[in-house]
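# Working through the structure, step by step
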Amino acid sequence: MDTTPLDLEHLFQQLGLESDSKAIELFITKHTIAAGLLIHQAEFWTVSQQHFLAEAIAKDAQWSDLIDHLDTLLRK
């Protein structure tokens, strides 16, 4: 059983991004997802990040609720 805490910090770690609170805030400030795009279709993700996001959502994996939350934060 995976005991990784499910929070934005750990989601950013899964994505290979800086994960301290300032880095997360800066990422959210700098990036926006356009209407009509799914989160994994945003141009700022690497291919591996896109695959992780798409697969987690498709499988309704443990990260899917946090990915939905991040999606909301990125739609300004």
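The preceding data block contains the structure.
To start, this report covers the structure provided alongside it. Fair warning: this is a prediction, and the values are worked out from it, not measured in the lab. (Residues numbered from 1 in each chain as written. Predicted model: local features only at pLDDT ≥ 70, side-chain atom pairs only at ≥ 80, totals over all residues. Heavy atoms only, no water.)

On to the packing of aromatic side chains. Following the criterion strictly, the structure yields four aromatic pairs and no others. Between phenylalanine 12 and phenylalanine 27, the aromatic rings sit 5.3 Å apart at their centres with planes inclined by 85 degrees, giving edge-to-face as the arrangement. Taken together, the positions of phenylalanine 12 in helix α1 (residues 8–14) and phenylalanine 27 in helix α2 (residues 21–30) put the pair 15 residues apart, joining distant regions of the chain. Both residues of the pair, phenylalanine 12 and phenylalanine 27, belong to the buried class. With 5.7 Å between their ring centres and 80 degrees between their planes, phenylalanine 27 and phenylalanine 44 make a pair best called edge-to-face. Of this pair, phenylalanine 27 sits in helix α2 while phenylalanine 44 sits in the loop between α2 and α3 (47–58), and the two are 17 residues apart along the sequence. Accessibility assignment for this pair places phenylalanine 27 and phenylalanine 44 in one class, buried. One aromatic cluster in this structure is built from Phe12, Phe27, Phe44 and Trp45. (Phe/Tyr/Trp six-rings, centres within 6.5 Å; stacked < 30°, edge-to-face > 60°. Helix = DSSP H or I, 4+ residues; strand = E, 2+ residues; numbered from the N terminus. Buried < 20%, exposed > 50% of the residue type's maximum accessible area, 1.4 Å probe, protein only.)

Membership of the largest hydrophobic core comes to 19 residues, with the highest contact counts inside it found for Leu11, Trp45, Leu70 and Leu74. Elements with a contribution of two residues or more to this core: α1, α2, α3 and α4 (64–73). Not counting residues up to four positions away in its chain, the partners in contact with leucine 11 are Phe52, Trp63, Leu66, Ile67 and Leu70. (Core = buried A, V, L, I, M, F, W, Y, C linked by side-chain atoms within 4.5 Å. Contact = heavy atoms within 4.5 Å.)

Attention now goes to α4. Within α4, burial applies to Ser64, Leu66, Ile67, Leu70 and Asp71. In a view along the axis of α4, the buried residues occupy a sector of 160 degrees, so they form one face of it. Looking at α4, the residues exposed on the side facing more than 90 degrees away from the buried face are Asp65 and Thr72. Elements in contact with the buried residues of α4: α1, α2 and α3. (Arc of directions from axis to C-beta.)

Our next topic: the pattern of salt bridges. In the structure shown here, the tally under the stated rule is two salt bridges. Here lysine 59 and glutamate 55 are joined by a salt bridge, their closest N and O atoms 3.2 Å apart. The class of lysine 59 is exposed, set by a relative accessible area of 60%. Two residues, arginine 75 and aspartate 71, come together in a salt bridge whose shortest N-O distance is 2.4 Å. (Salt bridge = Lys/Arg side-chain N within 4 Å of Asp/Glu carboxyl O.)

Attention now moves to the environment of glutamate 18. With respect to the helices and strands, glutamate 18 occurs in the loop between α1 and α2. In this structure glutamate 18 comes out as exposed when scored by relative accessible area, which is 59%. Beyond its immediate chain neighbours, meaning those up to four positions away, glutamate 18 contacts Phe12, Ala23 and Ile24.

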